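The primary structure of each chain is shown beneath.
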Amino acid sequence: HKSCSHRFSTIIIRIFNYKLTVCNINLSITGLKMNYYTKKIIKSQGFICLLLVSSFASMLMGYNGFFMPDMEMSSIWFQRSGSIAVILSIFAELFFIKESSGLSDISEIEAKNKFKTLIIFTNILSFVLIVLGTFVWGYGDLIYIHLQN
């Protein structure tokens, strides 16, 4: 029994060490070392992307009548979805501002430079969705009627 339990514990230790090695080395994005700031940027950009996808999805769901009350017209429901899109996009932008504020050290600046393209893309997408959501919020009923004809 000693040899079986010893082998079992050795295997468990090797698996655990392998998983630690995978987490520390192989879970890097395009060869980046996963330091604190890299992980922070990945998490914050992931959350921002989730908000922006939800923003766009709210307009699609509004156009297709998801969660629409029985007494509501489809065109008005689509128009209202624009307000949700704007709110979610503004939350994404505010979260970005909150995460970007404050003093930065060299490691954080280097991590931000590695994700510069993604950060710029999410900022542009946030702006586009705010404008699109505002446009749908104001004129969504007319857009809906025009697209249905």
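All values reported here derive from a predicted model rather than from experimental measurement.

A.B. asks: I'd like to hear about the nonpolar core, residue by residue, with values.
C.D. replies: Counting residues in each nonpolar core, the largest one holds 17 residues, and the members touching the most others are Ile41, Ile48, Leu52, Met59, Ala92 and Ile119. Of all the elements, helix α2 (residues 36–63) adds the most residues to this core, at six residues.

A.B. asks: Outline the packing of α2 against helix α3 (residues 74–100), supporting the account with residue identities and numerical values.
C.D. replies: Contact geometry for α2 and α3: axes closest at 7 Å, N-to-C directions at 170°. The angle between α2 and α3 places the two elements in the roughly antiparallel class.

A.B. asks: Give a detailed account of helix α5 (residues 116–148), specifying residues and quantitative values.
C.D. replies: Along its 33 residues, α5 runs just 40 Å from first to last C-alpha, ending more than 12% under the 48 Å computed at 1.5 Å per residue. Where α5 bends most, the angle comes to about 85°, and this point is tyrosine 139. Of the residues making up α5, those classed as buried are Ile119, Thr122, Ser126, Leu129, Gly133, Val136, Gly140 and Tyr144. Taken together, the buried residues of α5 touch α2, α3 and α4 (106–114).

A.B. asks: Help me get a handle on the side chain of serine 89, residues and values and all.
C.D. replies: By secondary structure assignment, the location of serine 89 is in helix α3. Residue classification places serine 89 among the buried positions, given a relative accessible area of 0%. Setting aside residues up to four positions removed in sequence, serine 89 forms contacts with Leu52, Ser55, Ser126, Leu129 and Ile130.

A.B. asks: Run through the pattern of salt bridges, naming residues and quoting values.
C.D. replies: Throughout the structure, instances matching the rule amount to three salt bridges. In this structure, glutamate 99 and lysine 98 form a salt bridge, with 3.2 Å as the shortest nitrogen-oxygen distance. For lysine 98, a relative accessible area of 54% corresponds to the exposed category.

A.B. asks: Outline the packing of aromatic side chains, listing residues and values.
C.D. replies: Applying the stated criterion across every chain, the model contains six aromatic pairs. Summarising the aromatic geometry, the rings of tyrosine 63 and phenylalanine 78 are spaced 5.3 Å apart at their centres and angled 80° between planes, so their arrangement reads as edge-to-face. Taken as a pair, tyrosine 63 in helix α2 and phenylalanine 78 in helix α3 lie far apart in primary sequence, 15 residues in all. A relative accessible area of 7% places phenylalanine 78 in the buried class. A network of ring pairs unites the aromatic residues Tyr63, Phe78 and Tyr144 as a single cluster.

A.B. asks: Provide a residue-level description of the packing of α2 against α5, including the pertinent values.
C.D. replies: Remark: α2 packs on α5, axes separated minimally by 10 Å, with the N-to-C direction vectors making an angle of 10°. Between α2 and α5, the crossing angle belongs to the class labelled roughly parallel. Mapping the contact onto sequence places Ile41, Gln45, Ile48, Cys49, Leu52, Ser55, Phe56, Met59 and Tyr63 in α2 and Leu118, Ile119, Thr122, Leu125, Ser126, Leu129, Leu132, Gly133, Val136, Tyr144, Leu147 and Gln148 in α5. Residues belonging to the contact of α2 with α5 are distributed by class as follows: 15 nonpolar, six polar and no charged.

Procedures and definitions
- Residues numbered from 1 in each chain as written.
- Predicted model: local features only at pLDDT ≥ 70, side-chain atom pairs only at ≥ 80, totals over all residues.
- Heavy atoms only, no water.
- Core = buried A, V, L, I, M, F, W, Y, C linked by side-chain atoms within 4.5 Å.
- Buried < 20%, exposed > 50% of the residue type's maximum accessible area, 1.4 Å probe, protein only.
- Helix = DSSP H or I, 4+ residues; strand = E, 2+ residues; numbered from the N terminus.
- Axes fitted to C-alpha atoms, helices over the stretch in contact; angles between N-to-C directions.
- Parallel < 35°, antiparallel > 145°, perpendicular 65-115°, else oblique.
- Expected span 1.5 Å × (residues − 1).
- Bend = angle between axes of the 7 residues up to and from the residue.
- Contact = heavy atoms within 4.5 Å.
- Salt bridge = Lys/Arg side-chain N within 4 Å of Asp/Glu carboxyl O.
- Phe/Tyr/Trp six-rings, centres within 6.5 Å; stacked < 30°, edge-to-face > 60°.
- Nonpolar A, V, L, I, M, F, W, Y, C, P; charged D, E, K, R; others polar.

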